[in-house]
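Structure at a glance
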Amino acid sequence: MSTTPQAPDVVGAGSATQPPAPVSFYEAFRFWLKLGFISFGGPAGQIAIMHQELVERRRWISERRFLHALNYCMVLPGPEAQQLATYIGWLMHRTSGGIVAGALFVLPSLLILIVLSWIYVAFGNFPLVAGILYGIKPAVTAIVLFAAYRIGSRALKHAFLWAIAVAAFLAICVFEIPFPWIVLGAGIVGAVGGRAWPAVFVSGSHPGAKGQFGPAIIDDHTPTPEHARFTWPRLLRVLLIGVGLWALAIAILTMQFGMHGVLTKMGWFFTKAALLTFGGAYAVLPYVFQGAVEGHGWLTAAQMIDGLALGETTPGPLIMVVAFVGFVGGWGAALFGPDHQVLAGTLAAMVVTYFTFLPSFIFILAGGPIVETTHRQPRITAPLTAITAAVVGVIVNLAVFFAYHVLWPVGLGGGFEWPLLVIGLCAGVALFRFRAGVIPTILACGAGGLLYQSFARSLMG
């Protein structure tokens, strides 16, 4: 990857030797809105997009500060990419900036999934949609693998960190060790290793940020802004407001639908999903599947798989598949009668999205000031550096998981999808060799899948 700064392509990016001009709230709003519509590729792809835009091109934040924030988000329950956007927005423009960045990361995906969910339940399986989804699946696999390469090339600057990444891959892929235990193990290794070999973890965590892309608005040694400094009164205030917003929503649902109403149950269930599950969307999905399909019966197993496919092909966090779960559950429950199923599904999708993401905002707005006090302390950053290395291995495992289920959709005993292999290889060449963007790659692969399936149907017909 070229390390030549592309800042001149961005309005207000400044020169290679001077930091860019301060970014207004309106300019940041426009970027976060754009990001909400282009954030494809799951958390790895979304983090890679933010790195390219915010660190390399616009230089709003240095790589050192970006990775430090990312390390914190990696150890939280919930969608790390959305939390990272919230963190950077908060750091730049206070609480309102964080809320706008985090909300706009989610809202476009929510709106798109509501529309797609309505089409899905109301009109069935269209050949047009099926063809596009067919081609996008291998593209997502290539995007995740490319994102792992991009993040790994920056984070794994020492053989010891490479060893942690390989060990994490083997732990989750071969031995099926849960992600939280991998995070805990990597953090312990980092804490011990940071004391014995501090240079290894400092250089590995923050690889050569200074001089790679030029000075940033929030640079390595930029003082922590006043609003980002830790105080106990502020922490208590944020926690009280966050818990109050959750309690108010639960109270409203209980008064309107009762303790055993579908929406009230969804509020409780997705609160637990947001708080008790670590490791990103693919760690959350088994819990959601078990509760939504087997426990509450809001949708069938086949519908859950279709919803996951929709979630993979829309922008925003992959965990937004919960909006599909909510829509289908609300539609089936017919909360407002058979003539208003769209309203019921839409309201349910909004409810589950609210309860899924509210904890993420609380974690960032409450914990951000604490994290900002540690970005120059190797004793704190060393465990997070090791965790980042482990996450690279986990992301590679995710790419392998995708590839297996895409190429052998019914298992090794079934047929091999060679057309998808061709599409996936083309996507990989476009990303690795020609540095094509995520959106053009997805569009091209979707078109390729549609053309292939149309051709196959014509031969069969």
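Let me sum up the structure you'll find in this document. Fair warning: this is a prediction, and the values are worked out from it, not measured in the lab.

1. Describing the packing of helix 5 (residues 127-155) against helix 16 (residues 418-432)
Axis separation between helix 5 and helix 16 bottoms out at 8 Å; the angle between their running directions is 40 degrees. The angle between the axes of helix 5 and helix 16 places the two elements in the oblique class. Read as a crossing pair, helix 5 and helix 16 show a hand that is right-handed. Contacts between helix 5 and helix 16 involve Y134, G135, P138, A139, A142, I143, L145, F146 and Y149 from the first element and P419, L420, I423, G424, A427, G428, L431 and F432 from the second. Looking at side-chain class alone, the contact of helix 5 with helix 16 contains 14 nonpolar, three polar and no charged residues.

2. Concerning the packing of aromatic side chains
Counting across every chain of the model gives 21 aromatic pairs. On the basis of an interplanar angle of 50 degrees and a centroid distance of 5.6 Å, the ring pair of Y149 and F432 is categorised as tilted. Pair noted here: Y149 is in helix 5 and F432 is in helix 16, with a separation of 283 residues, a long-range link. Residue class for Y149 comes out partly exposed when judged on its relative accessible area of 36%.

3. Some remarks on the pattern of salt bridges
Taken as a whole and judged by the stated rule, the model has six salt bridges. In this structure, E53 engages R57 in a salt bridge whose closest nitrogen and oxygen atoms are separated by 3.1 Å. Placement of both E53 and R57 in helix 2 (residues 42-57) is noted, with a separation of four residues, approximately one turn of the helix. R57 sits in the buried class, given a relative accessible area of 16%. Measuring nitrogen to oxygen at the nearest pair gives 3.2 Å for the salt bridge that ties R64 to D220. Taken together, the residues R64 in helix 3 (residues 63-74) and D220 in the loop between helix 8 (198-205) and helix 9 (232-257) connect sequence positions 156 residues apart. Ionic contacts of the salt-bridge type, sharing partners, join the residues K34, E53, R57 and R58 into one network.

4. A short note on helix 17 (residues 438-460)
The terminal C-alpha atoms of helix 17 lie 33 Å apart, and with 23 residues this matches the ideal 33 Å at 1.5 Å per residue to within 8%. For helix 17, the full list of buried residues reads V438, T441, I442, C445, G446 and G449.

5. Some points on the side chain of R59
Residue placement: R59 occurs in the loop between helix 2 and helix 3. The buried charged residue R59 lacks any salt bridge, with D219 as its nearest oppositely charged partner at 7.4 Å. Side-chain polar atoms of R59 contact the backbone oxygen of Q18, separated by 3.1 Å. Polar contacts involving the side chain of R59 include one to the main-chain carbonyl oxygen of P215, which spans 2.7 Å.

6. Observations concerning the nonpolar core
The biggest cluster of nonpolar side chains holds 87 residues, and the ones touching the most others in it are W32, M50, F66 and L84. The element best represented in this core is helix 15 (residues 378-407), accounting for 15 residues. Residues contacting F66, with those up to four places away along its chain left out, are I47, M50, H51, V55, I61, L84 and I88. Counting residues in each nonpolar core, the second largest holds 36 residues, with M266, W298, M320 and A323 among its members.

7. Topic: the packing of helix 16 against helix 17
At a minimum axis separation of 10 Å, helix 16 and helix 17 run at an interaxial angle of 160 degrees. Comparing the axis directions of helix 16 and helix 17 gives the class roughly antiparallel. Crossing of helix 16 over helix 17 shows right-handed handedness. Only T441, C445, G448, G449 and Y452 of helix 17 make contact with helix 16, whose side of the interface consists of W418, P419, I423, A427, A430 and L431. Here the residues of the contact of helix 16 with helix 17 are counted per class, giving eight nonpolar, three polar and no charged.

Calculation notes
Residues numbered from 1 in each chain as written. Predicted model: local features only at pLDDT ≥ 70, side-chain atom pairs only at ≥ 80, totals over all residues. Heavy atoms only, no water. Axes fitted to C-alpha atoms, helices over the stretch in contact; angles between N-to-C directions. Helix = DSSP H or I, 4+ residues; strand = E, 2+ residues; numbered from the N terminus. Parallel < 35°, antiparallel > 145°, perpendicular 65-115°, else oblique. Left-handed = near helix turned anticlockwise from the far one by under 90°. Contact = heavy atoms within 4.5 Å. Nonpolar A, V, L, I, M, F, W, Y, C, P; charged D, E, K, R; others polar. Phe/Tyr/Trp six-rings, centres within 6.5 Å; stacked < 30°, edge-to-face > 60°. Buried < 20%, exposed > 50% of the residue type's maximum accessible area, 1.4 Å probe, protein only. Salt bridge = Lys/Arg side-chain N within 4 Å of Asp/Glu carboxyl O. Expected span 1.5 Å × (residues − 1). Lys, Arg positive; Asp, Glu negative; His and termini not counted. Polar contact = N/O pair within 3.5 Å; in protein donor to acceptor, adjacent residues only side chain to side chain. Core = buried A, V, L, I, M, F, W, Y, C linked by side-chain atoms within 4.5 Å.

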